[in-house]
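Inside the fold
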Amino acid sequence: MNILKITSGIVASVVVTGACALGLAVWLGGPKPIAALASINEPFAHVDYSGLPGVQHYPARDGTALAYRHYAPATSGTGTGTATRRIVLVHGSSGSSRSMHPMAQALAAAGFTVDALDMRGHGDSGPHGQAAYVGQLEDDLQDFMRAVPFAGPSTLLGFSSGGGFVLRFAGGARQGLFDRYVLLSPFLRYNAPTLRPGNGDWASVGMPRMIGLRVLNRLGVTAWNSLPVINFALDAAARPFLTGSYSYTLATNFGPHDDYAADIRSAQAPMQLLAGTDDELMVADRYASTFAAAGKPVPVTLVPGAGHIGLTLAPAALRSVVTACQS
């Protein structure tokens, strides 16, 4: 009897200690402030936004009005038959449709119809940094395709974390909504060989909180999923336009699944990947081997001299993106 009491006491002590450690991780283990990263912030200071279309909205299934910008195709587009295809653009971490303006212009000039999204939690789409549940971004994208129909086929193109989300969607149950996928320097989770150490100084991740919330979510507890787990290295000029932090829900949803290799294997539609040789956040020359190791080799184009943000802004990089979308 004494042995049973002692054993029960030890078990109770372990449970209480574990619960306390979990609580401390969630409460105190959030992301730390991070210094602004010039290579991400400064290039946007030189972008000409004079031709930026106004924001339009579509209704999501929860009643939220989500934002996007529409770019009509140029009547003298250089692509063969491109006017019959739509490109749907997904911005990178912290960004918005505004971040994709030069790329959207280049694609529209080539004859594509282009719609650049403000993903939920960004830009004009709901409270910054927040989503209600993991999987809501996929629901939102499906709602966009229903609310803003297009007569021809559509390509889904995403950059950085948006590229990771595009991979998530390409490997999911609704992948048939698009017949082509283009990934630009995609984020493939923190343990991927393509990510530089320390996230390239772009993001401060509160790993204790992230891990603690993941444990709680596996136990069915989601009450604290709105807590921030990532801070981004924004400067003062960028903060009014971008999103400074992500909740656990948004950080978990805006990218591939934890098993990104399963997303790669599950994707059935044609897929292409582009990255810059001088990317400060990603190791560009590891993409081909990473996808091949997952069982789905994809064509990879490395743009000489392009950095991470340069892949969306530099003229040579934009020409490579247009070519990829035309093929």
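So, here's what we can say about the structure. Every chain is numbered on its own, with residues counted from 1 as its sequence reads. Residue-level local features of this predicted model are given only where pLDDT is at least 70; pairs of side-chain atoms are given and counted only at 80 or more, and the full residue set underlies all totals for whole chains, interfaces and linings. As a rule here, side-chain values cover all heavy atoms of the structure and leave hydrogens and water aside.

Points about the pattern of salt bridges
The salt bridge criterion pairs a side-chain nitrogen of Lys or Arg with a carboxyl oxygen of Asp or Glu, the two atoms within 4 Å. The full count for this structure, using the stated rule, is 10 salt bridges. In this structure, R189 engages D258 in a salt bridge whose closest nitrogen and oxygen atoms are separated by 3.7 Å. Of this pair, R189 sits in the loop between β6 (180-184) and β7 (203-205) while D258 sits in the loop between α7 (248-253) and α8 (260-266), placing them 69 residues apart in sequence. Its relative accessible area of 41% is what places D258 among the partly exposed residues. Put simply, R61, D139, D143 and R174 are held in one network by salt bridges that share partners. Each helix is a run of DSSP H or I of at least 4 residues and each strand a run of E of at least 2, with the numbering of both proceeding from the N terminus. Burial classes follow relative accessibility: with a 1.4 Å probe on protein chains only, a residue under 20% of its type's maximum area counts as buried, one over 50% as exposed, and anything between as partly exposed.

Observations concerning the sheet that holds strand β8 (residues 228-232)
Being paired, for any two strands, means DSSP has found at least two bridges between them. The sheet built from three strands is open, its strands ordered β7-β8-β9 with antiparallel pairing. Single-partner strands in this sheet number two, and they are β7 and β9 (245-247). Across the sheet, the mean angle separating the axes of adjacent strands is 20° when strand polarity is ignored. Relative to β9, β8 runs antiparallel, the two sharing three bridges. When the sheet's bridge partners are listed, N231 is paired in β9 with S245. Here helix α6 (residues 207-218) sits on the sheet in contact with β7 and β8, set at roughly 145° to β8. Axis definition: a line fit to C-alpha positions, over the contact stretch in the case of helices; interaxial angles, taken between N-to-C directions, run 0 to 180 degrees. Residue contacts are counted whenever heavy atoms from the two residues lie within 4.5 Å of one another.

Quick notes on the environment of L107
Within the secondary structure, L107 is located in helix α3 (residues 101-109). Looking at L107, the relative accessible area reads 0%, which means it is buried. In sequence terms L107 and G95 are 12 residues apart; their C-alpha atoms lie 19 Å from each other.

Points about unusual backbone geometry
Not every positive phi belongs to a glycine, and S94 is a case in point at roughly 75°. Mapped onto the elements of the fold, S94 is located in the loop between β3 (86-90) and α3. Notably, D201 is not glycine yet its phi reads approximately 65°, a positive angle. Positionally, D201 belongs in the loop between β6 and β7.

Re the side chain of R209
With respect to the helices and strands, the residue R209 is situated in helix α6. Working convention for charge: Lys and Arg count positive, Asp and Glu count negative, and His plus the chain ends are omitted. Lacking a salt bridge, the buried R209 has D258 as its closest oppositely charged neighbour, with an N-O distance of 17 Å. Throughout this description, a polar contact denotes any pair of N or O atoms lying within 3.5 Å of each other; where both atoms belong to protein, one of them has to be capable of donating a hydrogen while the other can accept it, and for residues adjacent in sequence the pair is counted only when both atoms sit in side chains. From its side chain, R209 meets the backbone oxygen of P228 in a polar contact 2.8 Å long. Not counting chain neighbours up to four residues away, the residues in contact with R209 comprise A25, V26, W27, G29, G30, P31, L227, P228 and V229.

Details of the packing of aromatic side chains
For Phe, Tyr and Trp, where Trp contributes only its six-membered ring, two rings pair if their centres lie within 6.5 Å, and the inter-plane angle classes them as stacked under 30 degrees, edge-to-face over 60, or tilted in between. One pass over the full model with this rule turns up 11 aromatic pairs. When the ring of F165 is compared with that of F254, the centres are 6.1 Å apart and the planes differ by 40°; the resulting orientation is tilted. Here F165, found in helix α5 (residues 161-170), pairs with F254, found in the loop between α7 and α8; they are 89 residues apart in sequence, far enough to count as distant. Of the two residues, F165 and F254, neither departs from the other in class, the shared state being buried. Taken together, F165, F169, F178, Y181, W202, F232, Y246 and F254 form an aromatic cluster joined through their ring pairs. Here, a charge over a ring means that NZ of Lys or CZ of Arg falls within 6 Å of the ring centre while also lying within 35 degrees of the ring normal. The aromatic ring of Y49 is capped on one face by R98, whose charged end is 3.8 Å from the ring centroid. The aromatic ring of F241 is capped on one face by R98, whose charged end is 4.1 Å from the ring centroid.

What to know about the sheet that holds strand β11 (residues 300-303)
Spatially, eight strands are ordered β1-β2-β4-β3-β5-β6-β10-β11 in an open sheet, and the strand pairing comes out mixed. The open sheet has two free edges, formed respectively by β1 (56-59) and β11, since each of these has just one partner strand. On average, each strand axis in the sheet is tilted by 25° relative to the strand beside it, whichever way the strands run. As judged from the five bridges shared by strand β5 (residues 154-159) and β6, these two strands associate in the parallel manner.

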